Amino acid sequence: YFQMNFDANRLQAVSTLGLAHIGDGVYELLCRAYLCEKGDQTVLKLHKDTVSMVKAPTQAKIADAIKPLLTEEEMGDFRRGKNAHTHAAPKSATPQEYAKATGVETLFGYLFLSGQKDRANEIFNLVMEM
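Residues numbered from 1 in each chain as written. Predicted model: local features only at pLDDT ≥ 70, side-chain atom pairs only at ≥ 80, totals over all residues. Heavy atoms only, no water.

A. Spotlight on helix H7 (residues 117-129). For H7, built from 13 residues, the straight-helix expectation of 18 Å at 1.5 Å per residue is met to within 8% by its first-to-last C-alpha distance of 18 Å. Among the residues of H7, those classed as buried are Arg 119, Ala 120, Ile 123, Phe 124 and Val 127. Here the buried residues of H7 occupy an arc of 135° about the axis, which is enough to place them on one side. For H7, the exposed residues lying more than 90 degrees away from the buried face are Asp 118 and Glu 129. (Helix = DSSP H or I, 4+ residues; strand = E, 2+ residues; numbered from the N terminus. Expected span 1.5 Å × (residues − 1). Buried < 20%, exposed > 50% of the residue type's maximum accessible area, 1.4 Å probe, protein only. Arc of directions from axis to C-beta.)

B. Quick look at the packing of helix H2 (residues 16-38) against helix H6 (residues 95-113). Where H2 contacts H6, the two axes come as close as 6 Å, and the packing angle between them is 85°. Classed by the angle they form, the pair H2 and H6 counts as roughly perpendicular. On H6, the residues touching Thr 16, Leu 17, Leu 19, Ala 20, Ile 22, Gly 23, Asp 24, Val 26, Tyr 27 and Leu 30 of H2 are Thr 102, Glu 105, Thr 106, Phe 108, Gly 109, Tyr 110, Phe 112 and Leu 113. Classifying every residue of the contact of H2 with H6 gives eleven nonpolar, five polar and two charged. (Axes fitted to C-alpha atoms, helices over the stretch in contact; angles between N-to-C directions. Parallel < 35°, antiparallel > 145°, perpendicular 65-115°, else oblique. Contact = heavy atoms within 4.5 Å. Nonpolar A, V, L, I, M, F, W, Y, C, P; charged D, E, K, R; others polar.)

C. The arrangement of the packing of H6 against H7 in detail. Between H6 and H7, the least distance of the axes is 7 Å, while the angle of their chain directions is 150°. Residue-level inspection shows Leu 107, Phe 108 and Leu 111 of H6 in contact with H7, the latter providing Lys 117, Arg 119, Ala 120, Ile 123 and Phe 124. Along the lines of polarity and charge, the residues of the contact of H6 with H7 split into six nonpolar, no polar and two charged.

D. Molecular detail of the packing of aromatic side chains. Inspection of the entire model under this criterion finds three aromatic pairs. With 5.7 Å between their ring centres and 70° between their planes, Tyr 27 and Phe 124 make a pair best called edge-to-face. Residue Tyr 27 is located in helix H2, and its partner Phe 124 is located in helix H7; the two are separated by 97 residues in the primary sequence. Classification of Phe 124 as buried rests on a relative accessible area of 4%. Taking 6.0 Å as the distance between ring centres and 80° as the angle between the ring planes, the aromatic pair formed by Tyr 34 and Phe 124 counts as edge-to-face. (Phe/Tyr/Trp six-rings, centres within 6.5 Å; stacked < 30°, edge-to-face > 60°.)

E. Expanded view of helix H3 (residues 43-54). In a regular helix each residue adds 1.5 Å, so twelve residues correspond to 16 Å; H3 covers 16 Å between its end C-alpha atoms and thus fits that length. Of all the residues in H3, the buried ones are Leu 46, Asp 49, Thr 50, Met 53 and Val 54. One side of H3 carries all its buried residues, which in axial view fall inside an arc of 125°. Facing away from the buried side of H3 by more than 90 degrees, the exposed set consists of Leu 44 and Lys 48. Those residues of H3 hidden inside the fold are in contact with H2, helix H4 (56-66) and H7.

F. How the structure looks around the nonpolar core. Judged by nonpolar contacts, the single largest core of 30 residues is most densely connected at Tyr 27, Ile 66, Leu 70, Phe 108, Leu 113, Ile 123 and Phe 124. When contributions to this core are tallied by element, the ones reaching two or more residues are H2, H3, H4, helix H5 (72-82), H6 and H7. A total of seven residues in this core trace back to one element, the largest contributor, which is H6. Filtering out sequence-adjacent residues up to four positions away, Leu 70 remains in contact with Met 75, Phe 78, Leu 107, Arg 119 and Ile 123. (Core = buried A, V, L, I, M, F, W, Y, C linked by side-chain atoms within 4.5 Å.)

Shown next as C-alpha cells:
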C-alpha cells in the first residue's frame, strides 16, 4: 500500500472526500518525515510542530502558495476537494480555510493514489522552501 498506482477510472471512483482522507494522511506523513529529518527534537515538540503544519489555516496558506505551481490537472483535483461539501469545519478554521485545506488534502491523495510520489514530494518541498 505504500506504492499505489490507480488508473484514471479507479481514481474517478474514489469519492472526493475519500481522496482528502488519504491525502490528509499522506500530507501528515510528509510533515512528520520533514520534521524528523530536520534534527532531534522531543516527541512533544515533534507532535506540536506536526499539528501546527497540518491544521486547516496552515494548509489554506499553503493552498494559496502552491496554486500557481500546479498543472491544469492538479488544479482540477485541488478544486474538486475545495468544492466538496464538507459539513463541518473545526473551530480553529473558517469555512474558507477548511475548504482550501480539503483541496490540498485531495491533491495529495490524488497524487499518492495515482503513483505520483515524486510530484507529491516536489510540491511538498516547494512548500517547505516558502
